[in-house]
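Summary of structural features
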Amino acid sequence: MTQTLPAGLTITAPITDAQREILTPEALAFVADLHRRFEGRRRDLMAAREARQAALDAGALPDFLPETQNVRDGDWRISPLPDDLKDRRVEITGPVDRKMIINALNSGARVFMADFEDASSPTWANCVDGQINLRDAVRRTIRLDTNGKTYQLNQKTAVLLVRPRGWHLPEKHVQVDGETVYGALFDFGLYVWHNAQELLARGSGPYFYLPKMESHLEARLWNDVFNHAEETLGLTRGTIKGTVLIETILAAFEMDEILFELREHSAGLNCGRWDYIFSYIKKLRTQPDRILPDRAKVSMAVPMMQAYSKLAIQTCHRRGAPAIGGMSAFIPVKGDEAKNAAAFEQVRLDKEREATNGHDGTWVAHPGMVELATEVFDRLMPEPNQIGSGKQADLTVTAADLLTPPDGSVTEAGVRMNVNVGIQYLAAWLRGSGAVPIHNLMEDAATAEISRAQLWQWRHHGVTLEDGRPLTPELWDELFDDEAARLGEGYADAARLFRTTATGTPLMDFLTLPGYEALA
Ligand SMILES: CC(=O)SCCNC(=O)CCNC(=O)[C@H](O)C(C)(C)COP(=O)(O)OP(=O)(O)OC[C@H]1O[C@@H](n2cnc3c(N)ncnc32)[C@H](O)[C@@H]1OP(=O)(O)O
Ligand SMILES: O=CC(=O)O
Ligand SMILES: [Mg+2]
């Protein structure tokens, strides 16, 4: 069977019969229309990111924007939340793999975020088969027979949210009028085209998580995309809902503005703590007084991360919006009772901190953590959410609170750990797996980004290690090469790529961009 493509659109990848059901001429025409309308603005916004980075490289610091003071001072609220997004106490996340989708929807969590972003390696097969899986999940026909086991949906399942790729990631297999289509519009467009009406008929809606934004103008672009999609698909204005991940240091200064831009479409904010740390390092990379200690020491308990989380809670609640917490990397440990108990204890402490601060829900990485997180939020959040709780209402967060790095040193073990985990993760990503357990922790693209950005920052500034030795380029090379050698020849390609992303000048924007060139 040959594929009829809309005028001007080409696909440079093989298409299976099953994928043809997603890549229909009508759905692709919708994607092409989104591209033609919005690609110019996307490109301008990426150029604005570069200009902002140049100012930060020259020594500027992020601050609250003077030109949007009226938005911060104004008395407005987001549109009322749909019923199925009022109580989001526990949200599980995972890649768009068929088994994971079924397991996550059955996990007992209130919400499942199906991820085309940090947890997915964006191979063509992952991206398009992920859409097949989501279509079947929405229609409740999803089923998998594997290893002698049948997977299908329980009667009661989680509410489905989808995270498309960020504004920066191309979908290299699709061109419109000779230009590459970007992943955000491809993932969003296909999902909303195939599922919006079906979701509404089933009492839910087209709901999204929006990643990695750096300004309210990027949120405005998503809002305009939503408006246009609603008009095209005959949906009532405000049907599409987006929860924005505050996971860049710049977005932390524009939380009110982001909610305002999306106010008809907003379902709140989330603290994407991993990319937030990556963004802090990346944006302030040239500034010697902003060096972070070992990755493991930048926990949610440190002042700068507490300021970020509490500001998200205060901002959201003032606007009638939920403030969802973030992800703890701990997952159940098989075959070691003590380590397993310690992992559960870490998650319990993290979720208790979030619920006590006033978050309206949290993320877990594994079905084994759903019960624990639910118990914590049931105990500390008796209402469906904490929007009216008044928690953090009197808080004052300054720019310095968000920008002051935590105390703590850089150690040889910290350098080695970043190299080891970064290479292992990248090797898995290059093989098509975007989320993997490493040293009993869940790791995804954001881990690798933090790791290589730290390695770059520590090398660039020649930090002094805790034991007094300066991290010279020679010592850095020695530690890197030693860790890479320990992993063995099977990791050579990943090690080479990881090294480039941890040393190139200036620091590369995203390791997934050069990585994507190597993906099928
Ligand atoms: C920074 C951020 O962006 S965080 C958000 C993005 N990251 C993620 O979403 C990562 C989510 N987590 C995962 O992908 C997985 O937990 C992993 C890859 C880390 C570990 O997965 P596994 O190696 O399969 O773990 P494990 O063997 O313990 O799994 C046991 C069962 O739970 C299932 N499972 C594990 N994690 C999940 C999940 N997040 N969603 C659904 N099912 C899951 C497995 O499929 C397996 O099912 P089975 O018994 O039917 O075969
Ligand atoms: O996407 C979530 C994060 O922490 O990064
Ligand atoms: Mg992230």
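Residues numbered from 1 in each chain as written. Chains lettered and ligands numbered in written order. Predicted model: local features only at pLDDT ≥ 70, side-chain atom pairs only at ≥ 80, totals over all residues.

On to the overall build of the protein chain, then. Counting its secondary structure elements, the protein chain contains 18 helices and 15 strands. In terms of its C-alpha atoms, the protein chain occupies a principal-axis envelope of roughly 65 × 55 × 50 Å. The proportion of buried residues among the 520 residues of the protein chain is 49%. Sequence separation of 24 or more characterises 76% of the internal contacts of the protein chain that already satisfy a separation of 6 or more. (Helix = DSSP H or I, 4+ residues; strand = E, 2+ residues; numbered from the N terminus. Buried ≥ 20, exposed ≤ 12 C-beta atoms within 10 Å, placed from the backbone. Contact = placed C-beta atoms within 7 Å.)

Another point: the site of ligand 1. Within the structure, ligand 1 sits among 24 residues, and Thr 93, Gly 94, Asn 103, Asp 118 and Ala 435 are positioned closest to it. Among the elements of the structure, strand E2 (90–95), helix H4 (98–105) and strand E14 (436–438) are those that each provide at least two residues to the shell around ligand 1. Its residues assigned to classes, the shell around ligand 1 shows 16 nonpolar, 4 polar and 4 charged. (Near = placed C-beta within 6 Å. Nonpolar A, V, L, I, M, F, W, Y, C, P; charged D, E, K, R; others polar.)

Once that is clear, we can look at the site of ligand 2. Within the structure, ligand 2 sits among Asp 118, Leu 245, Glu 247, Gly 272, Arg 273, Trp 274, Asp 275, Gly 326, Met 327 and Ala 446. Top contributing element to the shell around ligand 2 by residue count: helix H9 (residues 273–283), with 3 residues. When grouped by side-chain class, the residues that make up the shell around ligand 2 number 4 nonpolar, 2 polar and 4 charged.

Strands sit in the order E1-E7-E8 across an open sheet of 3 strands; the sheet is antiparallel. Only two strands of the sheet have a single partner each, and these edge strands are strand E1 (9–11) and strand E8 (179–182). Between one strand axis and the next, the sheet turns through 50 degrees on average, direction left out of account. Examined bridge by bridge, strand E7 (residues 170–176) and E8 share 4 bridges and lie antiparallel to one another. What sits directly across from Glu 171, in E8, is Val 181. Strand contacts of helix H2 (residues 25–57): E1, E7 and E8, with the helix running at about 100 degrees to E8, the strand carrying the most contacts. (Pairing = 2+ DSSP bridges. Axes fitted to C-alpha atoms, helices over the stretch in contact; angles between N-to-C directions.)

Considering every residue of the protein chain, the mean pLDDT works out to 98; 99% of them sit at 70 or more. Across the predicted assembly, pTM comes out at 0.98 and ipTM at 0.99. (pLDDT = per-residue confidence, 0-100.)

The relative placement of two packed helices is expressed as an angle between their axes plus a distance between the axes. At a minimum axis distance of 9 Å, the contact between H2 and helix H6 (residues 183–201) shows a crossing angle of 135 degrees. The angle between H2 and H6 falls in the class oblique. Here H2 and H6 pass one another in a crossing that is right-handed. Where H2 approaches H6, its residues Ala 27, Phe 30, Val 31, Leu 34, His 35 and Phe 38 are matched on the opposing element by Leu 185, Phe 186, Gly 189, Leu 190, Trp 193 and His 194. (Parallel < 35°, antiparallel > 145°, perpendicular 65-115°, else oblique. Left-handed = near helix turned anticlockwise from the far one by under 90°.)

Now for the domain arrangement of the protein chain. Split by domain assignment, the protein chain resolves into domain 1 (11–400) and domain 2 (409–517). Contact with domain 1, which involves 33 residues of that partner, is made by 33 residues of domain 2. Those elements that provide at least two residues to the side of domain 1 that touches domain 2 are E2, H9 and helix H11 (337–357). For the side of domain 1 that touches domain 2, the element with the highest residue contribution is H9, accounting for 6 residues. The residue inventory of the side of domain 1 that touches domain 2, partitioned by class, reads 18 nonpolar, 7 polar and 8 charged. (Domains from an automatic or database assignment.)

One finds Phe 112, Leu 160, Tyr 308 and Ala 312 to be the most contacted residues of the largest nonpolar core, which totals 150 residues. For this core, the leading source of residues is H6, giving 10 residues. Residue assignment places this core across two domains, with domain 1 (11–400) and domain 2 (409–517) each supplying three or more. (Core = buried A, V, L, I, M, F, W, Y, C linked by C-beta atoms within 7 Å.)

Our next topic: unusual backbone geometry. Glycine aside, the phi torsion of most residues is negative, and most peptide linkages are trans. The step from Thr 505 to Pro 506 runs through a cis peptide bond, and the omega angle for that step is -5 degrees. As for its position among the elements, Pro 506 is in the loop between helix H17 (492–503) and helix H18 (512–517). With phi around 70 degrees, Asn 440 is a residue other than glycine that occupies positive phi space. You can see Asn 440 is positioned in the loop between E14 and strand E15 (441–443). The class of Asn 440 is partly exposed, set by 16 C-beta atoms lying within 10 Å.

Moving on to H9. Two residues of an α-helix separated by three or four positions point the same way, owing to the 3.6 residues in each turn. Burial analysis of H9 places 11 of its 11 residues in the buried class, which makes it a mostly covered element. Of all the positions in H9, only Arg 273, Trp 274, Asp 275, Tyr 276, Ile 277, Phe 278, Ser 279, Tyr 280, Ile 281, Lys 282 and Lys 283 are classed as buried. In this structure, the buried residues of H9 make contact with H2, strand E11 (266–271), helix H10 (303–318), strand E12 (323–327) and helix H15 (445–461).

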